[in-house]
Amino acid sequence: MDIQKQLKTALSSYDSYNQTQHIKHKIICQDKQAIQQTLYFIREILCNDYPSTIKILSLRLNKELVETFNDEYIQGVQTLILPELEIIAQYKSNLADDDRGKTYFLNNQDINQSNKELQDAGNQYFRGSLECIWVWNKWFPLSKNGKRLSNFKVTFERLHNKGVKFPTIQYFDVETVTKYLPQTYTPMPLLKQLRELLQRNLDSKHLCKYLYLHPPKEYTKFSTYAELLQDYAIKRRKNKNRIKRKIPTIIVHPVDRPSQIVSQQQIEYSQSMAIEKQQLQEINFCLQQKNTELSKQVVQLQNQTVILKKEIELKQQIIDGYQTELLRLNEKFRKIEEQFNHMNNVNVYALHQMQNNMMTYEIEQEISSLKVSNYKYSREFSLIKTQFEESQIQLDIARREKQQLMFENNQMVQQIGFLEKKNPHLLQQKLELEAKLQNQELLQKNSLYQSKLLLQEQEVIKYCQQLQTIKEEFLKIDKLNTSHSASNISIHQQPRASNLITAGTISRQSKQLVPPYVEYNPLIFAIHPNSLSMKFRQSCLLSKSILYHDDHINVGVTTSVKTNILHLTMHISNKSNIQVTNFLIKYNVINKQDLQVIILPEQLQPQLSANESIQQKIQIQYNQLPYLIPEGVIYYKVAQIQQTIQFSIPCTINKFFNYLQLPEQLPQTYFYNSKPFPSSFQNQLSQLLPTFQLNHKNEGDLDAYINVEIDKKQFLILISCKKSIMQIRIAGDYHDKIAETIVSTYQGLLMKR
């Protein structure tokens, strides 16, 4: 990842500031690219309009990186970051208050209690900038070569000349500041030259350029330490020889020499001593400068040593982990080899027996699947047979009606002929008109019955074709059963599936004109009495509703279906102004074989602040019908009082419906009927059944239709209401278990209790 992106994420908050350790390690290891990118990123934050937190953390990071004493980074700070810090230091320079940076981030706002955080941030940012300039001026007064003043010193002197007051140290450790102070003072010629130039009010760029091009003469006599030491040695040797020559003449002939010559020799001696003293001071300064550089290098080497030790320890731990893992794998491999050798010595008969058992299991599994398919085809055969018988009866009725109409037509013709013979002149016109009308009616009836006969004949042909295909399937299944029974492996013989199926099929005789009644099964809609409330019924019938609410807790539910999986979201909120503690939800799935329930997240936070809300998502998928509704309990404390809420999850079968469009022509007969039952929701059906199409016949008489799909079966459901009595009817595909579950569920939700 780019270093600037790492810095942006690390400096975004105080919690993520520890991620800057990686950047510090790179700068200690002299990574030039990391140094450049870090300097430019910090300068960009200090120059532009960023949040106060990022600015403060950038200043803190820059302070810690300078304390690594990396020469290249310190040089970059002087050229890139120090001018921005100088601009910050001149904020309200006419005031002497140490806390004058409170209004730095307020943007001309008044100081009040609401913006106290911005006041503290501005004061911290401003005070830290001033302290950095003051400390770095003390630590680095001279440039790297020691021949001119550093930019830190120049900036400090310029701010001091402008009257900027620096505060006492608060964000630096006093012992650390004194520890890294240089052991020599700044040369006075350089300071005198700087202070003289500050009187001219030169800007920063021209001032630094002038100091670089015009150093003081008395400070730049020598370009290297070797020249300085060589000059000192030559002068010292000359002074010693000159003193040796002159001192004996003074001792031997004191009377002959005048006093003026003695005083001149003393002056020359004192001058030579002053020169030697100055040279010694310069040598001492050079040695101290070299000593400070060596101390910085020692600090850098110590930092690198500590980091390398940590890396070595970490790598040693990784190596130890790999070694233990290798030992564990070797032991596991040894055990596997022993098991393999043991398995090679196993009796061949046992292996052969296991293979035979596997083959037997596969054949039995295939036979069971064939039995299931045989049962399915026999069921379809029985249904088609009943439909065929019913269509045959309707066809016979239509034929008898046709014969009766033909007989009536012949009688009418005979009567017309008799009347024509008896009264040909008087009734001719009347009989002609009546005959025309009757003939027209007979023609219409004949055409209608002929069309019905054609339709019935087409249905009979269709049913015959289906019967032929099912018979062919039965022949194939019988062949497969005979082939498997002839295999060498002995399997227990079982009775033919067709005999069992015929005994267990549901009889639908053609003479039965009234559809079967489906009894209400209370085990399907088995809800705890404490959970069976009006809100639970609304939650089962609507996709978005409130399941429970009181003075403290509000529980809402939203549901949706995707690929036969019910997605249910629980919205739990604290309505009161008191914090809710020890919050816990426990779910109880009674039969896990019938339902698959996934709860995300499994554990919620134990505290709910005032007006705080949380969510919990539940995914439900049923394996077989019917299934028991899962339950749940909510525990929480309010003002040290334990509260308990018991509820049932609204996951009835209607939640898994895929809604289809109603057919243009509604059916006249229904396969399943519930017994009429009393209800108190006759005036609320439009709110409780928004997905149904309502048909108001008259006052108190209402029909609600819906067309749904579930388990690849289509059902058209009719809920009829006459005053306070309801009845549920179902048409569509035959499936007794699904129909019984739908009827018991809607009757349990709408029944008066």
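## Brief notes about the packing of helix α6 (residues 116-139) against helix α7 (residues 151-161)
In step 1: Two elements in contact, α6 and α7, have axes whose closest approach is 8 Å; the angle formed by their N-to-C orientations is 125 degrees. With respect to each other, α6 and α7 are oriented oblique. Read as a crossing pair, α6 and α7 show a hand that is left-handed. On α7, the residues that touch Ile 133, Trp 134, Trp 136 and Asn 137 of α6 are Phe 152, Lys 153, Thr 155, Phe 156 and Leu 159.
In step 2: Partitioning the contact of α6 with α7 into residue classes produces six nonpolar, two polar and one charged.

## Looking at the pairing of strand β9 (residues 641-648)
In step 1: Judged from the eight bridges that link them, strand β8 (residues 631-638) and β9 form a sheet pairing that is antiparallel. Considered in β9, the bridge of Gly 632 is made with Phe 647.
In step 2: Hairpin connection of β8 to β9: two residues between the antiparallel strands, including Ala 639 at a positive phi of 55 degrees.

## Quick look at the sheet that holds strand β5 (residues 580-588)
In step 1: Spatial ordering of the open sheet is given by β5-β8-β9, a layout of three strands whose pairing is antiparallel. Two strands lie at the open edges of the sheet, namely β5 and β9, each paired on one side alone. Direction aside, the axes of adjacent strands within the sheet are offset by 15 degrees on average.

## Overview of the state of the cysteines
By definition, a disulfide links the sulfur atoms of two cysteines through a covalent bond.
In step 1: Tallying each qualifying case throughout the model produces zero disulfides.
In step 2: Between Cys 651, a cysteine without a disulfide, and Cys 540, which holds the nearest cysteine sulfur, the sulfur-to-sulfur distance is 7.7 Å.
In step 3: Since its relative accessible area comes to 0%, Cys 651 is described here as buried.

## Some remarks on the confidence of the model for the protein
In step 1: Looking at the protein, pLDDT values average 77 and 81% of them are 70 or higher.
In step 2: Confidence over residues 246-258 falls short of pLDDT 50; this stretch has five contacts with residues more than four positions distant or in other chains.
In step 3: Taken together, the stretch residues 482-514 has pLDDT below 50 and engages in 33 contacts with residues farther than four places along the chain or on a different chain.

## A look at the pattern of salt bridges
In step 1: Taken as a whole, this structure holds 10 salt bridges when the rule is applied.
In step 2: The shortest N-O distance in the salt bridge between Arg 60 and Glu 64 comes to 3.5 Å. With a gap of four residues between them, Arg 60 and Glu 64 both fall in helix α4 (residues 52-66), about one helical turn apart.
In step 3: Given a relative accessible area of 38%, Arg 60 falls into the partly exposed group.
In step 4: Notably, a salt bridge pairs Arg 127 with Glu 131, separated by 3.5 Å at the nearest N-O pair. Linking Arg 127 with Glu 131, this pair stays in helix α6, spanning four residues, or about one helical turn.
In step 5: A relative accessible area of 8% places Arg 127 in the buried class.
In step 6: Several salt bridges converge on common partners, so that one network encompasses Lys 24, Arg 60 and Glu 64.

Analysis parameters
- Residues numbered from 1 in each chain as written.
- Predicted model: local features only at pLDDT ≥ 70, side-chain atom pairs only at ≥ 80, totals over all residues.
- Heavy atoms only, no water.
- Axes fitted to C-alpha atoms, helices over the stretch in contact; angles between N-to-C directions.
- Helix = DSSP H or I, 4+ residues; strand = E, 2+ residues; numbered from the N terminus.
- Parallel < 35°, antiparallel > 145°, perpendicular 65-115°, else oblique.
- Left-handed = near helix turned anticlockwise from the far one by under 90°.
- Contact = heavy atoms within 4.5 Å.
- Nonpolar A, V, L, I, M, F, W, Y, C, P; charged D, E, K, R; others polar.
- Pairing = 2+ DSSP bridges.
- Disulfide = S-S within 2.5 Å.
- Buried < 20%, exposed > 50% of the residue type's maximum accessible area, 1.4 Å probe, protein only.
- pLDDT = per-residue confidence, 0-100.
- Salt bridge = Lys/Arg side-chain N within 4 Å of Asp/Glu carboxyl O.

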